Amino acid sequence: MQKDELLHLAEETVKLAEREGADQAEAYTAASKSVSIEVENNSVKAASHDRDMGCGIRSVIGKKVGFAYVTNLEVSDVREIAEESVALARASLPDSDFETLPSPDKDYPRIDGTFDPSIKNLVPDDAAEYILRAVDATLDTTKSTKTAVEASFTATSLSRAIVNSWGISGFEESTAVFLFSSPTIRAKNDQNSSYEYHISRSLDDIDPEWVGSSAGKLALDGLGGKTVDEGRMPVIFTPLAVGRVIGYGFGGAIDAEEVQDGRSYISDDIGNQIASKTLSIVDDATITGGISSRPFDAEGVPSRKTVVLSEGVLKNLLHNSYTANRAGVENTANASRDSYSGTPAIATSNFVIEPDRYTLDDFISEMNSAIVCRNTADRPNMTTGELSAMIMEGFYVEEGEIKHPLKNTLIGINMRDLLSQVIRVGNDVRTTMSVISPSIVVDDVRVTSG
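Bear in mind that the values here come from a model prediction, so they are computed numbers and not experimental data.

Colleague: Honestly, the nonpolar core in this entry has me stumped. Any pointers?
Modeller: Across soluble globular proteins, nonpolar side chains show a tendency to be buried alongside one another. Core analysis: the biggest nonpolar cluster contains 46 residues, and F237, I246 and F250 have the highest contact counts within it. In this structure, I246 is in contact with G251, I281, F351, I353, L418, L419 and I440, ignoring residues within four places of it in sequence. Of all hydrophobic cores here, the second largest spans 23 residues; its members include L6, L16, I61 and V78.

Colleague: Explanation requested: unusual backbone geometry in the structure shown.
Modeller: Note: most peptide bonds trans; most residues except glycine with negative phi. One non-glycine residue with positive phi stands out, namely E311, at about 50°. Among the structural elements, E311 can be located in the loop between β10 (305-310) and β11 (313-314). The residue E399 is not glycine, and still its phi comes out positive at about 50°. By secondary structure assignment, the location of E399 is in the loop between β17 (393-398) and β18 (401-405).

Colleague: I tried to follow the side chain of N334 on my own but got confused; where do I start?
Modeller: On the secondary structure map, N334 appears in the loop between α8 (321-327) and β12 (335-336). Overall, the relative accessible area of 0% leaves N334 in the buried class. Of the polar contacts made by the side chain of N334, one reaches the backbone oxygen of A347; its length is 3.0 Å. When sequence neighbours within four positions are dropped, the list of residues in contact with N334 reads D283, R294, D297, L318, H319, A345, I346, A347, T348 and S349.

Colleague: When you look at the packing of helix α1 (residues 3-19) against helix α2 (residues 75-91) in this model, what are you seeing that I'm missing?
Modeller: Between two packed helices, the angle of one axis relative to the other and the distance separating the axes together describe the packing. Direction vectors running N to C along α1 and α2 enclose 40°, while the axes themselves pass 9 Å from each other. The orientation of α1 with respect to α2, classified from their angle, is oblique. Two packed elements cross with a definite hand, and for α1 against α2 that hand is right-handed. Here L9, T13, L16 and A17 of α1 come into contact with α2, specifically with V78, R79, A82 and V86. Residue composition of the contact of α1 with α2, grouped by class: six nonpolar, one polar and one charged.

Calculation criteria
Residues numbered from 1 in each chain as written. Predicted model: local features only at pLDDT ≥ 70, side-chain atom pairs only at ≥ 80, totals over all residues. Heavy atoms only, no water. Core = buried A, V, L, I, M, F, W, Y, C linked by side-chain atoms within 4.5 Å. Buried < 20%, exposed > 50% of the residue type's maximum accessible area, 1.4 Å probe, protein only. Contact = heavy atoms within 4.5 Å. Helix = DSSP H or I, 4+ residues; strand = E, 2+ residues; numbered from the N terminus. Polar contact = N/O pair within 3.5 Å; in protein donor to acceptor, adjacent residues only side chain to side chain. Axes fitted to C-alpha atoms, helices over the stretch in contact; angles between N-to-C directions. Parallel < 35°, antiparallel > 145°, perpendicular 65-115°, else oblique. Left-handed = near helix turned anticlockwise from the far one by under 90°. Nonpolar A, V, L, I, M, F, W, Y, C, P; charged D, E, K, R; others polar.

Pasting the structure below:
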């Protein structure tokens, strides 16, 4: 849908909710379309071309909030759920911590590089070409083995508008594309899997041959995994692992609502040294072409750059309007929602770990005994900070060289210790979903294997 249509519908919905008795209201309208291709066992399994649209409405009466949504943009249905959201607000219990929906405090920043018309206009046949090129590159790399490749390609375009009673009025059109290849290979009575991907706002950034060949090489490199002696040693987290451990494990801990409700291992630490001086992190929704860049957050508040860690000192938590009002601090514009069907929560935008000057090869060459962790799927306990993580892909380093891949190996450390024990930060920056990070080295990590 066009800008004028989405904005006009949102404006009329807010007015309708107000006429029904809402003290204040917010309408979030969105329309998206996506092209998806999936490959299973080297062949295209499914292709789809999906469209989705809808509207979510928050109505406020005093300190009572009601929410309703509809999965289309028909005027009669939107009118019905606007009335329903007001009725739900009347029936709900008051939230003593709720103050108000946000007001506009400055203009929206200009964010370049978040829309590519070639993604919006992509057809399934073109999408299939991308994914098949990646699969072919994977098979070419692993041709001496028996290989089964799973892969996926998704190109999405999204238009969204948000309007509220206090003058918030924003519209954005954006695109994103994701290409993934994951081979499972069998050779010499061994089996191993790995994966690689590209994610971007621009189709030109997607390199199917790089994704495919990298995934194949990683799968080959992981054959012959061995256990190691248990003990304490440095762990080199490459960017994919940093994205999981720091992006989710720390990014989730500085969610202000989690802190205010006592569900985070970070509490009352603003201004305190909670991490190594080598570690500085910002949350920046204004980066050109950033995967999570946008002119405004999910409540229509202008995007900004927020310093989270400065040389290890915790400077800010991440807020939406609810938690900022609750704490009496500035809103960091980190309201987030997956779609029009949900109310705003809090999430990082582009979570950027500032790089230093070292390379991954530098890190490996200087280690007598260490672990390289490329990937883990585990997350810490967000209340206690305890992290016990299986190394899904990793290598053992001895006397400055990679000796062998790992199997059945775990690392254990509390997140506060992990943050404090970062001794090196690299320069091999890559984007892993919403995290932009180089490799880091964490000293003295407990390693168990067997």
